[in-house]
Amino acid sequence: MKKRDIRRLVRQLIQIVFFLWMPALYTSAFSGVRYVIEHIREGKPVEQNAFLIMLIALCGFTIIFGRFFCGFICAFGTLGDGMFAFSQWVQKKRKKRLPKIPDNWGKRMQVIKYIVVIVLIGIYALNLTDKFKGSSPWEVFSMLYSGTIPSFSYLAGWILFLLILIGMCMKERFFCQYLCPMGAIFAWLPVLPFSVLSRDREKCIPKCRACQVTCPVDMEIKRDQKEGGECIHCMQCMDVCPKQHICLGTGKKFNGNEIPFILIKLVLFILICTFAENL
Ligand code: SF4
Ligand code: SF4
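Keep in mind the model is a prediction, meaning the values are calculated, not measured.

> Explanation requested: the overall build of the chain in the structure shown.
Along the backbone of the chain there are 14 helices and two strands. Its C-alpha atoms put the chain at 55 × 45 × 30 Å along the principal axes. Within the span of the chain, comprising 279 residues, buried residues form 48% of the whole. The contacts in the chain between residues at least 6 apart in sequence include a share of 72% that link residues at least 24 apart.

Structural data, given as structure tokens:
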């Protein structure tokens, strides 16, 4: 088995396990954001609770290790990967292609998630939550996941959720890069040398863009990746690089050692979650 197949298999296994085991981590973390804003609005002290701890834990982990959570753990990200893989399979079978989002639009559309997060913060800060009751696609997802069919009062949430599913079929990681409010926060956090990917551009085959073409978030990897916040650590660029010189971290220390490094991050992540839950 090739190294890239093992990497892919390890990632898929971790995604499936967390989809079944901890599907609510993403919503718990964003509930932490809501809790902080609502308490500040009401002039109440911000106290330690499970949502806040989870938010701090995920943000801290992302600062140190990059968006490992997005690439491996988040249930909504995994749902996106599953929908996209399924749609690719159907399109291949039916020999018909869905319309594509042009590459030059993709990058620009990534700013939409910042508008989403600002709108949500505005709703919490202005105490408008009741006016938007039933419009959350995440609540619809959570209810469906737990086996409950959301009622008619969730019509707006249903419509948004279905639109997101369609988007997930058209573009890989559609929700993560264009709409996710947590993605908008996470994109600012990976700042440390081993939280990003790098490559030695001089060693690249001239005019080769294989990594960028395959990247779900249309990212160009630089030597010192200062804008690596969009990278969700899916490692698909490593799979296609003919020179195999894309590595985790800017110092090449992890080149070829991605699997042990993934497993170390996984163990640390589980320990942090367990610790956060027991606080
Ligand atoms: S961007 Fe959002 S939905 Fe996507 S994996 Fe990250 S937290 Fe999950
Ligand atoms: S393909 Fe590479 S650069 Fe793009 S998101 Fe995945 S790991 Fe990051």
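What follows picks up the thread again.
> What should I look at first to understand the site of ligand 1 in this one?
Around ligand 1 sit 14 residues, and of these Arg67, Cys70, Cys74, Cys176 and Cys180 come closest. Broken down by secondary-structure element, the contributors of at least two residues to the shell around ligand 1 are α4 (68-73), α5 (75-94), α10 (174-178) and α11 (181-186). Top element by residues in the shell around ligand 1 is α11. It accounts for three residues. Of the residues that constitute the shell around ligand 1, the class distribution is ten nonpolar, two polar and two charged.

> Whenever I open this one, helix α9 (residues 155-170) confuses me. Can you help?
An α-helical segment advances 3.6 residues per turn. Residues three or four places apart therefore align on the same side. In a regular helix each residue adds 1.5 Å, so 16 residues correspond to 22 Å; α9 covers 23 Å between its end C-alpha atoms and thus fits that length. Every buried residue belonging to α9 is among Gly157, Phe161, Ile164, Leu165, Gly167, Met168 and Cys169, and all of these are buried. Where the residues of α9 are buried, they touch α5, α8 (137-145) and α10.

> What exactly am I supposed to notice about α5 here?
Look at α5: 28 Å from first C-alpha to last across 20 residues, which is about the 28 Å you get at 1.5 Å a residue. Residues of α5 that are buried include every one of Ala75, Phe76, Gly77, Thr78, Leu79, Gly80, Asp81, Met83, Phe84, Ser87 and Gln91, and no others. Considering only its buried residues, α5 is in contact with α1 (3-21), α4, α8, α9 and α10. Directly beyond the C-terminal end of α5, a positive phi value near 55 degrees is found at Lys95.

> Sorry, what's going on with the site of ligand 2 here?
Surrounding ligand 2, one finds Leu197, Cys215, Pro216, Val217, Met219, Ile221, Cys231, Ile232, His233, Cys234, Met235 and Cys237. Of all the cavities here, the one that holds ligand 2 is the largest cavity. Split into classes, the residues belonging to the shell around ligand 2 amount to eleven nonpolar, one polar and no charged.

> What am I meant to see in the nonpolar core here?
Nonpolar side chains in soluble globular proteins tend to be buried together. Grouped together as the largest cluster of nonpolar side chains are 70 residues, with contacts concentrated most on Phe69, Ile73, Phe76, Leu79, Met182 and Phe269. Those residues in contact with Ile73 that sit more than four places away from it in its chain are Ile14, Phe18, Leu25, Phe68, Leu266 and Phe269.

Conventions used here
- Each residue is numbered by its place in its chain's sequence as written, counting from 1.
- Here the convention is simple: chains get letters from A, ligands get numbers from 1, in the order in which they are written.
- Since the coordinates come from a predicted model, pLDDT governs what is reported: local features require at least 70, and pairs of side-chain atoms require 80 or more to be given and counted, while whole-chain, interface and lining totals use all residues.
- Remark: hydrogens and water are excluded; side-chain values derive from all non-hydrogen atoms of the structure.
- Only DSSP runs of H or I covering at least 4 residues are called helices, and only runs of E covering at least 2 are called strands; the numbering of each starts at the N terminus.
- Partly exposed residues are those whose accessible area sits between 20% and 50% of the maximum for their type, while under 20% is buried and over 50% is exposed, using a 1.4 Å probe and protein chains only.
- Two residues qualify as a contact provided that any one of their heavy atoms is within 4.5 Å of a heavy atom in the partner residue.
- Any residue with a heavy atom lying within 4 Å of a molecule or strand is counted as near it.
- For this classification, the nonpolar set comprises Ala, Val, Leu, Ile, Met, Phe, Trp, Tyr, Cys and Pro, the charged set comprises Asp, Glu, Lys and Arg, and every other residue, Gly included, is treated as polar.
- Each helix should span, by expectation, one fewer than its residue count multiplied by 1.5 Å.
- A pocket, in this scheme, is an open set of points on a 1 Å grid over the protein atoms alone with protein on both sides within 12 Å along at least 5 of 7 lines, while a cavity is a set where a 1.4 Å probe fits but cannot get out; residues line either one if an atom lies within 4 Å of a point.
- Placement in a cavity or pocket follows one criterion, namely that more than half of the molecule's atoms lie within 2 Å of its grid points.
- Throughout this description, the term nonpolar core refers to a set of buried Ala, Val, Leu, Ile, Met, Phe, Trp, Tyr and Cys residues connected via side-chain atoms within 4.5 Å.

These results come straight from atomic positions and should not be treated as a statement about function.
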